[in-house]
Amino acid sequence: MKPTYDIIIVGAGIVGSACAYECAKAGLTVLLIDRDAAGTGTTATGMGHVVMLDDSDIQVAFCNYARKLWMELAEEAQDQLEWEARGTLWVAADDEEMQHVRDKHTFYEKQNIRTHVLDAALLEQVEPNLRKGLCGGLRVVDDAVLYPPTATKYLVEQAVALGAETLFFSEVAEIRGDASVVLAEGKIIAGGLVINAAGCGSPELTEGIDVFKRKGHLVVTDRYPELINHQIIELGYLKAAHTMTGDSVAFNVQPRKDGKLLIGSSRQSTAQHKEVDHDILGRMLNRAFEYIPALRDVRAIRCWTGFRPATPDKLPLIGPSLVSEKIWLATGHEGLGITTALATGRIIADRILDRRSEIPTESFLPARCRKGGPVNG
Ligand SMILES: Cc1cc2nc3c(=O)[nH]c(=O)nc-3n(C[C@H](O)[C@H](O)[C@H](O)COP(=O)(O)OP(=O)(O)OC[C@H]3O[C@@H](n4cnc5c(N)ncnc54)[C@H](O)[C@@H]3O)c2cc1C
């Protein structure tokens, strides 16, 4: 079958849309398909924190590169992305966490990542609504917040302006090894390469990939533009994010551009249903109240759940799949898919065009893990 497109991308979440944008920018002909509208899957349920994390050297390089690409795009499209570079404030509750702050600062300094250490007095000055008695914090200067649905819409619009085509409200029933896709309605479309960017739906379309769902809860409040100035997170968040089994909560609050606050976060690896779990929601909110007592008095508007597409080694799958060299993956971004979407798109386009990527990309290759088999990292 003669390919109609160079690249067919299945899934128009923020990751698939970024792949469409970067591939179209690279001069490839692209079809972006989704069973729904763009950005309505996990992307619509996420927090939009563009954040530096440092689990591993490759994660640092990935987040740093990803943040840089967003910053460049924000220069031309700040309003469309609803971009605000407020920085992250990691809060230390005790001496041990304060030591962690200093260690992180030293580490980041060596990587030329801008951070400031705040002692207790300075912390109180920059965030007066935090509870008294905290030890201090680390301000990560270049972290930012964007609004994932509008950022995704912008990426799709840019891809289309560059010649990409979209096919929304069309379910893909099968991705075939010859780079064709079969729609649920029966139509077959041929590509030179298919990228499975279907997030939590990706394992249903490509055999043998270990992407599983990690449920999260979020609460959005009415407008309180004066309450906090940064995205504020407890250092214990990192421990919670690492817990792969069982349920965990951590204090993580984001000020949105419109003055609303997003309160998170929770992680559950076994819960598969969408309904709000009132026990974990209560635990999550109590954790937030412990850090910012004034949150007890704010008016919540809505709460919801979402599923992070996770992998066992906490790194995404980016590149050729194990089933066919014509089926590639861009999935498994867990809690970092908003941050790393653009970098994922760029890495995919680099690999297709045989360009050298700005960061090492071997750690993301799907060949590293086979469902049920050994995993590196
Ligand atoms: C509560 C919560 C908070 C988060 N906060 C942050 C944060 O602050 N910062 C951050 O970086 N990340 C965050 N994340 C993670 C981030 O939201 C995800 O990593 C990211 O949205 C994943 O994007 P995606 O495009 O891979 O998946 P999705 O957005 O789910 O996109 C996949 C798309 O594929 C489509 N699809 C699936 N199957 C098919 C099929 N068979 N046919 C056609 N289409 C199909 C779906 O409709 C969907 O639109 C958070 C996640 C949650 C749940």
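Think of each chain on its own: its residues are numbered from 1, step by step along the sequence as written. With the structure being a predicted model, the display of local features is reserved for residues of pLDDT at least 70 and the display and counting of side-chain atom pairs for 80 or more, all residues being used for whole-chain, interface and lining totals.

Visitor: Lay out helix α10 (residues 337-352) in plain terms, naming residues and giving numbers.
Guide: Taking 1.5 Å as the rise per residue, α10 with 16 residues should run 22 Å; its terminal C-alpha atoms sit 21 Å apart, in good agreement. Largest kink in α10: about 30 degrees, centred on A343. Just downstream of α10, D354 is the residue with a positive phi angle, here 60 degrees. Here a strand is any run of E in DSSP of at least two residues, a helix any run of H or I of at least four, and the numbering for each starts at the N terminus. In this analysis, the expected span of each helix is defined as 1.5 Å times one less than the number of residues it contains. Bend is computed residue by residue as the angle between axes fitted to the seven residues ending at the residue and the seven residues starting at it.

Visitor: Tell me about the site of the ligand, residues and numbers included.
Guide: Surveying the vicinity of the ligand reveals 44 residues, the closest of which are G13, G41, G46, G199 and G337. Elements with a contribution of two residues or more to the shell around the ligand: α1 (14-25), α2 (42-45), β12 (212-223), β16 (300-310) and α10. Looking at which element gives the most residues to the shell around the ligand, the answer is β16, with four residues. Amino acids are sorted into nonpolar (Ala, Val, Leu, Ile, Met, Phe, Trp, Tyr, Cys and Pro), charged (Asp, Glu, Lys and Arg) and polar (every other residue, Gly among them). Taken together, the residues that form the shell around the ligand break down as 17 nonpolar, 21 polar and six charged. Structurally, the shell around the ligand is a two-domain feature, drawing no fewer than three residues from each of domain 1 (5-46 + 148-211 + 313-368) and domain 2 (86-142 + 212-310). All residues are tested the same way: a C-beta atom is placed from the backbone, and lying within 6 Å of a molecule or strand makes the residue near it. Each domain's extent was defined by an automatic or database domain assignment.

Visitor: Lay out the domain arrangement of the chain in plain terms, naming residues and giving numbers.
Guide: According to the domain assignment, the chain consists of domain 1 (5-46 + 148-211 + 313-368) and domain 2 (86-142 + 212-310). Taking only C-alpha atoms into account, the centre of domain 1 sits 30 Å from that of domain 2.

Visitor: A description of the nonpolar core should follow, citing residues and the corresponding values.
Guide: Note on terminology: a nonpolar core is a set of buried residues of type Ala, Val, Leu, Ile, Met, Phe, Trp, Tyr or Cys, with members joined through C-beta atoms within 7 Å. Around each residue's C-beta, the other C-beta atoms within 10 Å are counted; 20 or more make the residue buried, 12 or fewer make it exposed, and counts in between make it partly exposed. All C-beta atoms are placed from the backbone. In this structure, I9, V10, A20, V30 and I195 are the most contacted members of the largest nonpolar core, which totals 111 residues. Once residues lying within four places of it in the same chain are set aside, the contact partners of V10 are I33, V172, I175, V181, V194, I195, N196, A197, A198 and L205. In this description, a residue-residue contact is defined by the distance between C-beta atoms placed from the backbone, which must lie within 7 Å.

Visitor: Kindly report on the sheet that holds strand β14 (residues 247-255), identifying the contributing residues and their values.
Guide: Strand order in this open sheet of eight strands is β5-β6-β4-β13-β14-β15-β12-β16, and the pairing throughout is mixed. Bordering the open sheet on either side are β5 (115-119) and β16, each of which pairs with just one other strand. Direction aside, the axes of adjacent strands within the sheet are offset by 20 degrees on average. As paired elements, β5 and strand β6 (residues 136-140) share five bridges and run antiparallel to each other. Note that in β6 the partner of H116 across the bridge is R139. A pair of strands is treated as paired once DSSP finds two or more bridges between them. Between N-to-C directions, angles cover 0 to 180 degrees, with each direction set by a line fitted to C-alpha atoms, over the stretch in contact for helices.

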